[in-house]
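What follows is the residue order along each chain.
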Amino acid sequence: MTTATAASTIDDIRDPVARFTRGWMLATSTDAYGMDLGFASGSRFWVVGRAGVLGDCPVEIAAAAIAFEPIEKVRAAWETVPAGLTHRDVALHYRDRIAAWGDRVFADHPPAELIELEATARRIAGAAPAALGVLFAGWRQLSAPESPGARAAVALHVLREMRGAAHIAAITACGLTPLDAILAAPHPPPRTGPAYAERMGWRGPFRDPAEVRMQRLAAEELTGTILEPYFSILTPGELARFGAGVTTLCETSIRVGDS
């Protein structure tokens, strides 16, 4: 049997965590909730929900923290927060959407396993410095919900923000812009290339993604390297258990899906 390492566990949970978080991010129920709050679209709720942990800061700071969205798209959301709400209020609403999703999709999962997974995820996130990234730091300090399913879901989101912070640092270190990273993303279509960049709100003309393909692959590898010290606080046995637990939990969420 192969011994789990920090590097292998980071690789193993990358896609499951991404699929899990996309589940509630792209859910029709999440969009509807944001529009009920008064946002013009679910995507605007997403922007302010994620970056609202920064408080009422200038839009340039919010856009820099998100990194991969063009500032015009961030501005359209940031400057149209519904009356009666602050940016931080919206982040708390977004956290509560994650919590509600976790309560539903993990309803049949043993609470003890959810509690263990959440505690381990928090240990990993707690080992990283706040300087890793401001959205990660902001989400890490939000108060956790009470139920095991909700806590596990929010902890998985914190891990995604942690990886996102490391990835922003990595693409910068590799000489890429966020747009370069989108164009040359090593994901299967449609999550790569010019069409994907346009879907995210960027406007061409775009460079040939092949020009930065090798740098993009290097950035992906560097992202994992940046995260390794924080996962390395776990023993090989803990890493194996955590990796398997995250994979199982995220697969469960996908089977339940949106409603």
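Model, not experiment: these values are computed from the prediction.

Colleague: Could you clarify how one ought to interpret the packing of helix α4 (residues 59–66) against helix α5 (residues 71–78) in this entry?
Modeller: In a pair of packed helices, the angle between the axes and the distance between the axes together describe the arrangement. At a closest axis distance of 9 Å, the pairing of α4 and α5 adopts a crossing angle of 125 degrees. By the angle between their directions, the pair α4 and α5 is classed as oblique. For the crossing formed where α4 meets α5, the hand is right-handed. Judged by residue contacts, V59, E60, A62, A63 and I66 of α4 engage I71, V74, R75 and W78 from α5.

Colleague: Honestly, the nonpolar core in this entry has me stumped. Any pointers?
Modeller: Ranked by size, the top nonpolar core spans 63 residues in total, and within it F20, F106, L156, M162, F231 and F242 carry the most contacts. At 10 residues, helix α9 (residues 148–173) tops the list of elements feeding residues into this core. For F106, the residues in contact, after removing those within four places along its chain, are F20, L114, G149, A152, A153, L156, L249 and S253. A181, L183, M200 and W202 belong to the second-largest nonpolar core, a separate cluster that totals 18 residues.

Colleague: Hey, could you run me through α9 in this one?
Modeller: Along an α-helix, residues three or four apart share an orientation, since each turn contains 3.6 residues. Compared with the 38 Å implied by 1.5 Å per residue over 26 residues, the 38 Å span of α9 between its first and last C-alpha is a close match. Of the residues trailing α9, G175 is marked for its positive phi of about 80 degrees.

About the cut-offs
- Residues numbered from 1 in each chain as written.
- Predicted model: local features only at pLDDT ≥ 70, side-chain atom pairs only at ≥ 80, totals over all residues.
- Heavy atoms only, no water.
- Axes fitted to C-alpha atoms, helices over the stretch in contact; angles between N-to-C directions.
- Helix = DSSP H or I, 4+ residues; strand = E, 2+ residues; numbered from the N terminus.
- Parallel < 35°, antiparallel > 145°, perpendicular 65-115°, else oblique.
- Left-handed = near helix turned anticlockwise from the far one by under 90°.
- Contact = heavy atoms within 4.5 Å.
- Core = buried A, V, L, I, M, F, W, Y, C linked by side-chain atoms within 4.5 Å.
- Buried < 20%, exposed > 50% of the residue type's maximum accessible area, 1.4 Å probe, protein only.
- Expected span 1.5 Å × (residues − 1).

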